[in-house]
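Now for the letters of each chain:
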Amino acid sequence: MSEKIKVSVCMITYGHEKFIEEAINGVLMQEIDFEIELIVSNDASPDNTHEVVMSIIENHPRGSWIKYIKQESNLGMMPNSVFILKACKGEFIAICEGDDYWIDPLKLKRQVDFLELNDEYVIHSGNAIQLTADSNLCGKPLLNIEKSNCFELKDFLTQNNIITCTVMFRNVKFKFPKDFEKVTFGDWMLYVILIKNSGQKKAYLSTDCLSVYRSHSEGVMNNLSKYNYYNTHIFQIVTIYKYLKIKRLDRNVISILNNFYLEKFRIEVKSRSYINIFKTSFLHFKTTSTSMPFRKYLSALKQEFLTF
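Each residue is numbered by its place in its chain's sequence as written, counting from 1. In keeping with the predicted nature of the model, local features appear solely for residues at pLDDT of at least 70, side-chain atom pairs appear and are counted solely at 80 or more, and the whole-chain, interface and lining totals rest on all residues. No hydrogens and no water enter the side-chain calculation; it runs on all heavy atoms of the structure.

1. A closer look at the environment of Leu262
Our working rule: Here a strand is any run of E in DSSP of at least two residues, a helix any run of H or I of at least four, and the numbering for each starts at the N terminus. Residues are treated as being in contact if the distance between any of their heavy atoms lies within 4.5 Å.
Here Leu262 shows up in helix H7 (residues 251-270). Along the backbone, Leu262 and Thr280 are 18 residues apart, and their C-alpha atoms lie at a distance of 8.7 Å. Apart from the residues within four sequence positions on either side, Leu262 is in contact with Lys296 and Tyr297.

Have a look at this one:
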């Protein structure tokens, strides 16, 4: 192997003592002919995650691949993500959080080969199989795709299109925007940043199943209530547009934001949360101006307050 690190693998972990060994082993089983580093950042886990990681480092034949950081105090998921990304020295970066794992031993090799041969892409990703809370593997892949696809910046303005535990991307130099640590979906925001700062290169989605995505009660998406779902997506989309300095929203984005704001408003009306009702109405108008569906707002108010 060469001395220069080809791939840095980022693995943030918190409270993953039941899962972290499988996650690490999925990296250490990779069949490669280049240098890699596996950076594990333990965000002051309250369980035995530290002991599990140390045992692997001390006993696994490839334990030397691991660069382990045990945070003295809890940073939080997003600050820990920023910390680990800044520590990467590789030409390419792959992500696998401590509760997911890879199932293809040629994952890194194939992704490096693809990105080296296709300069127009900044990101390579694939499909994943879902592992449910009862430890059963769902037979179907997460994404219902029959052929590979590619995405441009515009495709990430209102939604994420790829699965993080399958991703590899070029180590593009950029400055994290000030609101990066405030968004809930840091991976989605990261893809926007990468595409923008790579000269508008694209993201590639392969049909290959590369990883297992674990769905459990501690996961971010599983902990989002309907109200928080609308809130986080509104903030994410607005933050993306601010970062890209796009002042005018197109019709599709306005329609999506109108739906999120309106559903959020309806929940607030039902709960008689008067301060939030005012805030949501004001922020909605500030964001979409005259495109705000005023009649639907009035209808929601009439339905709740004038129904006897």
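2. A look at the pairing of strand S3 (residues 66-70)
Worth spelling out the cut-off: Two strands form a pair only when DSSP identifies at least two bridges running between them. When the strands point away from the viewer and the connection leading from the first strand across the helix to the second strand turns clockwise, the crossover is called right-handed.
Where strand S2 (residues 35-42) and S3 come together, five bridges link them in parallel fashion. Paired with Ser41 across the strands is Ile69, a residue of S3. What joins S2 to S3 is helix H2 (residues 49-59), and the crossover it makes is right-handed.

3. Regarding the nonpolar core
Filter applied, for reference: What we call a nonpolar core is a set of buried Ala, Val, Leu, Ile, Met, Phe, Trp, Tyr and Cys residues that are connected through their side-chain atoms within 4.5 Å. The rule is simple: take the accessible area with a 1.4 Å probe, protein chains only, and divide by the maximum for that residue type; under 20% is buried, over 50% is exposed, in between is partly exposed.
Judged by nonpolar contacts, the single largest core of 54 residues is most densely connected at Ile123, Phe156 and Phe169. Discounting residues that sit within four places of it in the chain, Phe156 has contacts with Phe151, Asn161, Ile162, Trp188, Tyr191, Val192, Ile195, Ala203 and Ile240. Of all hydrophobic cores here, the second largest spans 30 residues; its members include Ile24, Trp102, Met168 and Tyr204.

4. Let's talk about helix H1 (residues 20-28)
Where H1 is concerned, the buried positions are Ile20, Ala23, Ile24, Gly26, Val27 and Leu28. On the buried face of H1, the contacting elements are strand S1 (5-13), S2, H2, S3 and strand S5 (101-102).

5. Observations regarding the layout of surface pockets
Formally: Note on definitions: the grid is 1 Å and covers protein atoms alone; a cavity is a set of points where a 1.4 Å probe fits but cannot get out; a pocket is an open set with protein on both sides within 12 Å along at least five of seven lines; lining residues have an atom within 4 Å of a point. Grid points are joined across faces, edges and corners, and a volume is the space filled by probe spheres set on the points. Ten residue types, Ala, Val, Leu, Ile, Met, Phe, Trp, Tyr, Cys and Pro, are classed as nonpolar, four, Asp, Glu, Lys and Arg, as charged, and the remainder, Gly among them, as polar.
A volume near 500 Å³ is recorded for the second largest pocket. Val238, Thr239, Lys242, Tyr261 and Thr287 are the residues nearest the centre of the second largest pocket, which is lined by 20 residues in total. Of all the secondary structure elements, the ones that give two or more residues to the lining of the second largest pocket are helix H6 (226-244), H7 and helix H8 (274-288). With eight residues, H6 is the single largest residue contributor to the lining of the second largest pocket. Here the residues of the lining of the second largest pocket are counted per class, giving ten nonpolar, four polar and six charged.

6. With respect to helix H4 (residues 107-117)
Using the following cut-off: Throughout, the arc means that of the directions going from the helix axis to the C-beta atoms.
Along H4, the residues classified as buried are Lys107, Leu108, Gln111, Val112, Phe114 and Leu115. For H4, the angular spread of the buried residues around the axis is 165 degrees, confining them to a single face.

7. Observations regarding the pattern of salt bridges
Worth spelling out the cut-off: Take a side-chain nitrogen of Lys or Arg and a carboxyl oxygen of Asp or Glu: if they are within 4 Å of each other, that pair is a salt bridge.
Summed over the entire model, instances satisfying the criterion amount to eleven salt bridges. Here Glu22 makes a salt bridge to Arg214, at a shortest N to O gap of 3.1 Å. Linking Glu22 in helix H1 with Arg214 in strand S10 (residues 202-214), this pair joins segments that are 192 residues apart in sequence. The class for Glu22 is partly exposed, based on a relative accessible area of 37%. What makes Arg214 buried here is its relative accessible area of 8%.

8. Description of the pairing of S1
With nine of nine residues buried, S1 is to be regarded as a mostly interior element. Where S1 lies against S2, eight bridges are found, and the strand directions are parallel. Residue pairing for S2: Ile5 is matched across the bridge by Glu35. Where the polypeptide runs from S1 across H1 and back to S2, its parallel neighbour, the crossover connection is right-handed. In the sheet, S1 pairs with strand S4 (residues 92-95) via four bridges, with the strands oriented parallel. Note that in S4 the partner of Val9 across the bridge is Ala94.

9. Topic: the packing of aromatic side chains
Let me state the cut-off plainly: Side-chain rings of Phe, Tyr and Trp, where Trp is taken by its six-membered ring, are said to pair if the distance between their centres is within 6.5 Å; with planes under 30 degrees apart they count as stacked, over 60 as edge-to-face, and otherwise as tilted.
Using the criterion set out here, one finds 14 aromatic pairs in the structure. Ring plane angle 75 degrees and centroid distance 6.1 Å describe the contact between Phe151 and Phe156, whose orientation is recorded as edge-to-face. Note on accessibility: Phe151 and Phe156 belong to one class, buried. Ring geometry for Phe185 and Trp188: centres 6.0 Å apart, planes at 35 degrees, overall tilted. Ring pairing ties together the aromatic residues Phe114, Tyr121 and Tyr204, which thus form one cluster.

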